[in-house]
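Understanding the architecture of this molecule
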Amino acid sequence: KILITGSLGQIGTELTMYLREQYGNDNVIASGLRKEGPDYIFESGPFEIVDILNAQQVADACEKHNVNTVINLAALLSAVAEGNPQLAYNINMNGLFNILEVARERGAAVFTPSSIAAFGPSTPADNTPQDTIQRPTTIYGVTKVGGELLCDYYYKRFGVDTRGVRFPGLISYKALPGGGTTDYAVHIYYEALKQKKYASFIDKGTQMDMMYMPDAIKAIHDLMEADPSKLVHRNAFNVTAMSFDPEKIAAEIRKHIPEFELTYDVDPVKQAIANSWPNSLDDSCAKEEWGWKPDYTLETMTIDMLDKLSEKLGISYK
Ligand code: VAH
(Lines give C-alpha, C1' and ligand atoms only; values in the text may rest on other atoms or scores of the structure.)
Protein backbone atom coordinates (compact mmCIF):
# COMPACT_ATOMS: atom_id res chain seq x y z
CA LYS A 1 0.00 0.00 0.00
CA ILE A 2 1.24 3.49 -0.89
CA LEU A 3 0.76 6.63 1.22
CA ILE A 4 1.13 9.92 -0.65
CA THR A 5 1.67 13.01 1.51
CA GLY A 6 0.87 16.38 -0.04
CA SER A 7 -1.52 14.58 -2.38
CA LEU A 8 -3.67 17.69 -2.95
CA GLY A 9 -0.80 19.64 -4.52
CA GLN A 10 0.31 20.12 -8.13
CA ILE A 11 2.13 16.76 -8.36
CA GLY A 12 0.07 14.94 -5.73
CA THR A 13 -3.34 15.31 -7.38
CA GLU A 14 -2.09 13.80 -10.64
CA LEU A 15 0.17 11.17 -9.07
CA THR A 16 -2.63 9.92 -6.78
CA MET A 17 -4.97 9.33 -9.73
CA TYR A 18 -2.23 7.76 -11.90
CA LEU A 19 -1.07 5.35 -9.18
CA ARG A 20 -4.68 4.42 -8.36
CA GLU A 21 -5.05 3.38 -12.01
CA GLN A 22 -1.81 1.40 -11.84
CA TYR A 23 -2.26 -0.31 -8.45
CA GLY A 24 -5.97 -0.09 -7.61
CA ASN A 25 -7.81 2.71 -5.80
CA ASP A 26 -7.68 1.16 -2.33
CA ASN A 27 -3.92 0.59 -2.52
CA VAL A 28 -3.13 4.31 -2.80
CA ILE A 29 -3.91 6.37 0.30
CA ALA A 30 -4.07 10.11 -0.39
CA SER A 31 -3.32 12.47 2.47
CA GLY A 32 -3.09 16.16 3.19
CA LEU A 33 -3.17 18.77 5.94
CA ARG A 34 -6.88 19.46 5.39
CA LYS A 35 -9.59 17.69 3.42
CA GLU A 36 -9.76 20.58 0.94
CA GLY A 37 -9.14 19.77 -2.68
CA PRO A 38 -10.60 18.13 -5.79
CA ASP A 39 -13.49 15.76 -5.05
CA TYR A 40 -12.12 13.16 -7.46
CA ILE A 41 -9.30 12.51 -4.97
CA PHE A 42 -11.71 11.88 -2.07
CA GLU A 43 -14.24 9.93 -4.15
CA SER A 44 -11.80 7.57 -5.87
CA GLY A 45 -10.02 6.11 -2.83
CA PRO A 46 -8.95 6.45 0.82
CA PHE A 47 -7.92 9.84 2.23
CA GLU A 48 -6.29 10.64 5.60
CA ILE A 49 -5.53 13.94 7.30
CA VAL A 50 -1.74 13.76 7.81
CA ASP A 51 0.45 16.60 9.02
CA ILE A 52 3.99 15.34 8.41
CA LEU A 53 5.15 17.42 11.39
CA ASN A 54 3.09 15.03 13.54
CA ALA A 55 5.10 11.79 13.58
CA GLN A 56 2.33 9.89 15.38
CA GLN A 57 -0.19 10.85 12.70
CA VAL A 58 2.20 9.56 10.01
CA ALA A 59 2.72 6.32 11.92
CA ASP A 60 -1.01 5.86 12.57
CA ALA A 61 -1.94 6.37 8.91
CA CYS A 62 0.73 3.87 7.83
CA GLU A 63 -0.39 1.33 10.45
CA LYS A 64 -4.09 1.73 9.64
CA HIS A 65 -3.52 1.06 5.92
CA ASN A 66 -0.54 -1.32 6.13
CA VAL A 67 1.61 1.09 4.10
CA ASN A 68 4.90 -0.18 2.66
CA THR A 69 5.76 2.81 0.44
CA VAL A 70 5.57 6.51 1.29
CA ILE A 71 5.73 9.14 -1.45
CA ASN A 72 6.46 12.39 0.35
CA LEU A 73 5.29 15.40 -1.67
CA ALA A 74 4.41 17.65 1.26
CA ALA A 75 6.74 20.66 1.11
CA LEU A 76 7.01 24.41 0.76
CA LEU A 77 8.35 25.39 -2.69
CA SER A 78 11.14 27.86 -3.39
CA ALA A 79 9.42 31.26 -3.53
CA VAL A 80 6.99 30.56 -0.65
CA ALA A 81 9.89 29.14 1.37
CA GLU A 82 11.92 32.35 1.01
CA GLY A 83 8.97 34.13 2.62
CA ASN A 84 8.98 31.79 5.63
CA PRO A 85 12.36 30.03 5.90
CA GLN A 86 11.75 28.66 9.42
CA LEU A 87 8.48 26.97 8.43
CA ALA A 88 10.07 25.74 5.19
CA TYR A 89 12.96 24.15 7.11
CA ASN A 90 10.54 22.58 9.57
CA ILE A 91 8.25 21.03 6.95
CA ASN A 92 10.87 20.11 4.36
CA MET A 93 13.46 18.71 6.82
CA ASN A 94 11.70 17.69 10.05
CA GLY A 95 8.69 16.46 8.09
CA LEU A 96 10.97 14.31 5.95
CA PHE A 97 12.76 13.05 9.09
CA ASN A 98 9.41 11.89 10.51
CA ILE A 99 8.63 10.06 7.27
CA LEU A 100 12.05 8.35 7.23
CA GLU A 101 11.74 7.27 10.89
CA VAL A 102 8.31 5.70 10.29
CA ALA A 103 9.67 4.05 7.14
CA ARG A 104 12.67 2.71 9.07
CA GLU A 105 10.40 1.20 11.74
CA ARG A 106 8.05 -0.32 9.13
CA GLY A 107 10.63 -1.39 6.52
CA ALA A 108 8.80 0.88 4.04
CA ALA A 109 10.29 2.48 0.90
CA VAL A 110 10.38 6.26 0.56
CA PHE A 111 10.27 8.52 -2.52
CA THR A 112 10.97 12.21 -1.93
CA PRO A 113 11.54 14.65 -4.83
CA SER A 114 14.57 16.88 -4.86
CA SER A 115 14.90 19.72 -7.37
CA ILE A 116 17.22 21.68 -9.63
CA ALA A 117 17.09 23.97 -6.60
CA ALA A 118 19.56 21.57 -4.93
CA PHE A 119 22.25 23.31 -6.99
CA GLY A 120 23.61 26.82 -6.50
CA PRO A 121 25.67 29.59 -8.15
CA SER A 122 28.95 27.63 -7.81
CA THR A 123 27.50 24.58 -9.59
CA PRO A 124 28.46 24.16 -13.29
CA ALA A 125 25.36 25.71 -14.90
CA ASP A 126 25.29 24.00 -18.31
CA ASN A 127 24.71 20.25 -18.55
CA THR A 128 24.94 20.12 -14.76
CA PRO A 129 26.43 16.72 -13.83
CA GLN A 130 24.74 14.16 -11.56
CA ASP A 131 27.61 14.41 -9.05
CA THR A 132 28.85 17.99 -8.59
CA ILE A 133 29.02 20.94 -6.21
CA GLN A 134 25.76 21.57 -4.35
CA ARG A 135 25.81 24.88 -2.40
CA PRO A 136 22.32 26.32 -2.96
CA THR A 137 21.63 29.83 -1.67
CA THR A 138 17.87 29.40 -0.98
CA ILE A 139 16.32 27.79 2.10
CA TYR A 140 14.37 25.51 -0.26
CA GLY A 141 17.66 24.41 -1.84
CA VAL A 142 19.24 23.86 1.58
CA THR A 143 16.32 21.54 2.49
CA LYS A 144 16.61 19.75 -0.86
CA VAL A 145 20.33 19.02 -0.43
CA GLY A 146 19.73 18.11 3.21
CA GLY A 147 16.88 15.88 2.15
CA GLU A 148 19.03 14.11 -0.45
CA LEU A 149 21.79 13.49 2.11
CA LEU A 150 19.34 12.33 4.80
CA CYS A 151 17.65 9.91 2.39
CA ASP A 152 21.00 8.49 1.23
CA TYR A 153 22.03 8.12 4.89
CA TYR A 154 18.83 6.21 5.76
CA TYR A 155 19.51 3.90 2.82
CA LYS A 156 23.16 3.22 3.72
CA ARG A 157 22.76 3.12 7.53
CA PHE A 158 19.32 1.51 7.94
CA GLY A 159 18.61 -0.08 4.55
CA VAL A 160 15.51 2.08 3.96
CA ASP A 161 14.76 1.90 0.21
CA THR A 162 14.93 5.65 -0.48
CA ARG A 163 14.79 7.03 -4.03
CA GLY A 164 14.35 10.51 -5.52
CA VAL A 165 14.65 12.68 -8.59
CA ARG A 166 15.75 16.32 -8.92
CA PHE A 167 12.69 17.77 -10.65
CA PRO A 168 12.94 20.79 -12.95
CA GLY A 169 10.00 23.18 -13.23
CA LEU A 170 6.79 21.17 -13.69
CA ILE A 171 4.07 22.30 -16.06
CA SER A 172 0.51 21.01 -15.81
CA TYR A 173 -3.10 22.05 -16.42
CA LYS A 174 -4.97 20.13 -13.71
CA ALA A 175 -3.75 21.66 -10.43
CA LEU A 176 -1.92 24.98 -10.07
CA PRO A 177 1.69 24.96 -8.74
CA GLY A 178 2.13 25.98 -5.12
CA GLY A 179 4.43 28.99 -5.06
CA GLY A 180 7.53 28.05 -7.02
CA THR A 181 9.91 30.10 -9.14
CA THR A 182 9.13 28.16 -12.33
CA ASP A 183 5.37 28.78 -11.97
CA TYR A 184 5.60 31.49 -14.66
CA ALA A 185 5.76 28.67 -17.23
CA VAL A 186 2.32 27.47 -16.09
CA HIS A 187 0.68 30.90 -15.72
CA ILE A 188 1.82 31.92 -19.23
CA TYR A 189 -0.48 29.32 -20.81
CA TYR A 190 -3.50 30.38 -18.72
CA GLU A 191 -2.92 34.06 -19.53
CA ALA A 192 -2.28 33.35 -23.22
CA LEU A 193 -5.79 31.92 -23.47
CA LYS A 194 -7.51 34.39 -21.10
CA GLN A 195 -5.76 37.67 -22.05
CA LYS A 196 -3.57 36.84 -25.05
CA LYS A 197 -0.81 38.52 -23.05
CA TYR A 198 1.34 37.77 -19.99
CA ALA A 199 3.76 39.81 -17.86
CA SER A 200 6.47 37.35 -16.79
CA PHE A 201 7.99 37.62 -13.29
CA ILE A 202 11.09 35.84 -14.64
CA ASP A 203 13.30 37.87 -16.98
CA LYS A 204 14.16 37.32 -20.64
CA GLY A 205 17.11 34.97 -21.09
CA THR A 206 16.58 33.07 -17.82
CA GLN A 207 17.15 29.51 -18.98
CA MET A 208 15.65 26.79 -16.74
CA ASP A 209 14.94 23.07 -17.06
CA MET A 210 11.26 22.17 -17.35
CA MET A 211 9.09 19.08 -17.73
CA TYR A 212 5.46 18.31 -18.57
CA MET A 213 3.59 16.67 -15.65
CA PRO A 214 2.88 13.35 -17.43
CA ASP A 215 6.66 12.86 -17.72
CA ALA A 216 7.17 13.77 -14.05
CA ILE A 217 4.56 11.19 -13.00
CA LYS A 218 6.24 8.62 -15.26
CA ALA A 219 9.64 9.40 -13.67
CA ILE A 220 8.30 8.71 -10.15
CA HIS A 221 6.57 5.48 -11.23
CA ASP A 222 9.52 4.19 -13.27
CA LEU A 223 12.09 4.95 -10.56
CA MET A 224 9.99 3.31 -7.84
CA GLU A 225 9.60 0.20 -10.05
CA ALA A 226 13.29 0.14 -11.06
CA ASP A 227 15.52 -2.86 -10.29
CA PRO A 228 17.43 -1.71 -7.16
CA SER A 229 20.52 -3.72 -8.18
CA LYS A 230 20.96 -1.34 -11.13
CA LEU A 231 20.81 1.85 -9.05
CA VAL A 232 24.22 3.43 -8.54
CA HIS A 233 22.59 6.63 -7.32
CA ARG A 234 19.46 7.09 -5.21
CA ASN A 235 18.94 10.61 -3.91
CA ALA A 236 18.55 12.15 -6.20
CA PHE A 237 18.63 11.64 -9.98
CA ASN A 238 18.89 14.57 -12.38
CA VAL A 239 15.90 14.38 -14.73
CA THR A 240 14.86 16.87 -17.40
CA ALA A 241 12.88 17.09 -20.63
CA MET A 242 13.51 20.57 -21.99
CA SER A 243 15.16 23.87 -21.15
CA PHE A 244 13.85 27.29 -22.14
CA ASP A 245 13.55 30.95 -21.19
CA PRO A 246 10.33 33.06 -21.33
CA GLU A 247 11.04 34.19 -24.92
CA LYS A 248 11.22 30.62 -26.19
CA ILE A 249 7.98 29.43 -24.60
CA ALA A 250 6.24 32.61 -25.82
CA ALA A 251 7.43 31.93 -29.38
CA GLU A 252 6.00 28.41 -29.12
CA ILE A 253 2.65 29.75 -27.89
CA ARG A 254 2.59 32.29 -30.75
CA LYS A 255 2.61 29.37 -33.23
CA HIS A 256 -0.95 28.75 -31.97
CA ILE A 257 -2.00 32.20 -30.71
CA PRO A 258 -0.18 34.59 -33.10
CA GLU A 259 -1.26 37.75 -31.28
CA PHE A 260 0.08 36.56 -27.90
CA GLU A 261 2.16 39.33 -26.28
CA LEU A 262 4.85 38.70 -23.64
CA THR A 263 5.98 41.53 -21.37
CA TYR A 264 8.07 41.55 -18.17
CA ASP A 265 7.31 42.47 -14.58
CA VAL A 266 10.33 40.84 -12.97
CA ASP A 267 10.01 39.75 -9.33
CA PRO A 268 13.46 40.36 -7.77
CA VAL A 269 13.15 37.56 -5.19
CA LYS A 270 12.10 34.94 -7.74
CA GLN A 271 14.62 36.21 -10.30
CA ALA A 272 17.45 35.89 -7.76
CA ILE A 273 16.34 32.32 -7.03
CA ALA A 274 16.18 31.46 -10.75
CA ASN A 275 19.61 33.03 -11.37
CA SER A 276 21.13 30.66 -8.78
CA TRP A 277 19.84 27.55 -10.55
CA PRO A 278 21.39 25.62 -13.49
CA ASN A 279 20.56 26.35 -17.12
CA SER A 280 20.37 22.69 -18.13
CA LEU A 281 20.85 19.31 -16.44
CA ASP A 282 22.72 16.19 -17.60
CA ASP A 283 20.29 13.34 -16.88
CA SER A 284 22.41 10.54 -18.39
CA CYS A 285 22.59 8.62 -15.06
CA ALA A 286 18.77 8.37 -14.87
CA LYS A 287 18.76 7.14 -18.48
CA GLU A 288 21.45 4.53 -17.81
CA GLU A 289 20.34 3.30 -14.38
CA TRP A 290 16.53 3.10 -14.79
CA GLY A 291 15.71 3.89 -18.44
CA TRP A 292 14.48 7.48 -17.98
CA LYS A 293 13.07 8.93 -21.22
CA PRO A 294 10.68 11.91 -21.41
CA ASP A 295 7.86 11.86 -23.96
CA TYR A 296 7.07 15.57 -24.24
CA THR A 297 9.03 18.38 -25.87
CA LEU A 298 8.23 22.12 -25.64
CA GLU A 299 6.37 21.77 -28.95
CA THR A 300 4.18 18.80 -28.00
CA MET A 301 3.63 20.06 -24.43
CA THR A 302 2.41 23.42 -25.75
CA ILE A 303 -0.09 21.75 -28.06
CA ASP A 304 -1.42 19.57 -25.23
CA MET A 305 -1.46 22.37 -22.64
CA LEU A 306 -3.40 24.74 -24.91
CA ASP A 307 -5.84 22.03 -25.98
CA LYS A 308 -6.55 20.84 -22.43
CA LEU A 309 -6.64 24.36 -20.92
CA SER A 310 -8.97 25.74 -23.59
CA GLU A 311 -11.35 22.88 -22.72
CA LYS A 312 -10.91 23.46 -18.95
CA LEU A 313 -11.39 27.26 -19.24
CA GLY A 314 -14.00 27.06 -21.98
CA ILE A 315 -11.95 29.38 -24.19
CA SER A 316 -11.36 28.40 -27.82
CA TYR A 317 -8.25 29.65 -29.56
CA LYS A 318 -8.23 27.89 -32.92
C1 VAH B 1 9.92 25.64 -7.55
N2 VAH B 1 8.58 24.28 -9.08
O3 VAH B 1 9.89 26.50 -8.40
C4 VAH B 1 9.52 24.23 -7.95
C5 VAH B 1 10.73 23.45 -8.37
C6 VAH B 1 12.72 23.52 -9.85
C7 VAH B 1 11.57 24.25 -9.38
O8 VAH B 1 11.49 23.07 -7.29
O9 VAH B 1 10.26 25.84 -6.42
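Computed from a prediction, not measured in an experiment: that's the story for all the values here.

Rules behind the numbers
- Residues numbered from 1 in each chain as written.
- Predicted model: local features only at pLDDT ≥ 70, side-chain atom pairs only at ≥ 80, totals over all residues.
- Heavy atoms only, no water.
- Buried < 20%, exposed > 50% of the residue type's maximum accessible area, 1.4 Å probe, protein only.
- Helix = DSSP H or I, 4+ residues; strand = E, 2+ residues; numbered from the N terminus.
- Expected span 1.5 Å × (residues − 1).
- Contact = heavy atoms within 4.5 Å.
- Axes fitted to C-alpha atoms, helices over the stretch in contact; angles between N-to-C directions.
- Parallel < 35°, antiparallel > 145°, perpendicular 65-115°, else oblique.
- Left-handed = near helix turned anticlockwise from the far one by under 90°.
- Nonpolar A, V, L, I, M, F, W, Y, C, P; charged D, E, K, R; others polar.
- Core = buried A, V, L, I, M, F, W, Y, C linked by side-chain atoms within 4.5 Å.
- Pairing = 2+ DSSP bridges.

Re helix H7 (residues 184–194)
Extensive coverage of H7 is indicated by the burial of eight of its 11 residues. Every buried residue of H7 is accounted for by Tyr184, Ala185, Val186, Ile188, Tyr189, Tyr190, Ala192 and Leu193. Just downstream of H7 lies lysine 196, where phi reads positive at about 60 degrees.

Let's talk about helix H12 (residues 298–313)
Taking 1.5 Å per residue as the helical rise, H12 with its 16 residues ought to reach 22 Å, and the 21 Å between its terminal C-alpha atoms agrees with that figure. Of the positions making up H12, those classed as buried are Leu298, Met301, Thr302, Asp304, Met305, Leu306, Leu309 and Ser310. Residues of H12 that are buried in the fold lie against strand E9 (169–171), H7, strand E11 (208–212), strand E13 (242–244) and helix H9 (246–254). Just downstream of H12, glycine 314 is the residue with a positive phi angle, here 70 degrees.

As for the packing of H7 against H12
Where H7 contacts H12, the axes come no closer than 10 Å and their chain directions differ by 55 degrees. When the axes of H7 and H12 are compared, the pair comes out oblique. Crossing geometry of H7 relative to H12 is assigned as right-handed. On H12, the residues that touch Tyr189, Tyr190, Leu193 and Lys194 of H7 are Leu298, Met301, Thr302, Met305, Leu306, Leu309, Ser310, Lys312 and Leu313. In terms of residue class, the contact of H7 with H12 is built from nine nonpolar, two polar and two charged.

Things to note about the nonpolar core
Ile171, Tyr184, Tyr189, Phe244, Ile249, Phe260 and Met301 are the most contacted members of the largest nonpolar core, which has 65 residues in total. Sequence-distant contacts of tyrosine 189, that is, excluding residues within four places in its chain, are made with Ile171, Ile249, Ile253, Leu298, Met301, Thr302, Met305, Leu306 and Leu309. In terms of nonpolar packing, the next biggest core, distinct from the first, is built from 29 residues, Val28, Leu223, Leu231 and Val239 among them.

Observations regarding the sheet that holds strand E3 (residues 47–49)
Taken together, six strands build an open sheet; the order of strands is E3-E2-E1-E4-E5-E7 and the sheet is parallel. Strands at the two margins of the open sheet, each flanked by one partner only, are E3 and strand E7 (162–163). Here two bridges tie strand E5 (residues 109–111) to E7, and the two strands are oriented parallel to one another. Opposite phenylalanine 111, over in E7, you have arginine 163 as the bridge partner.

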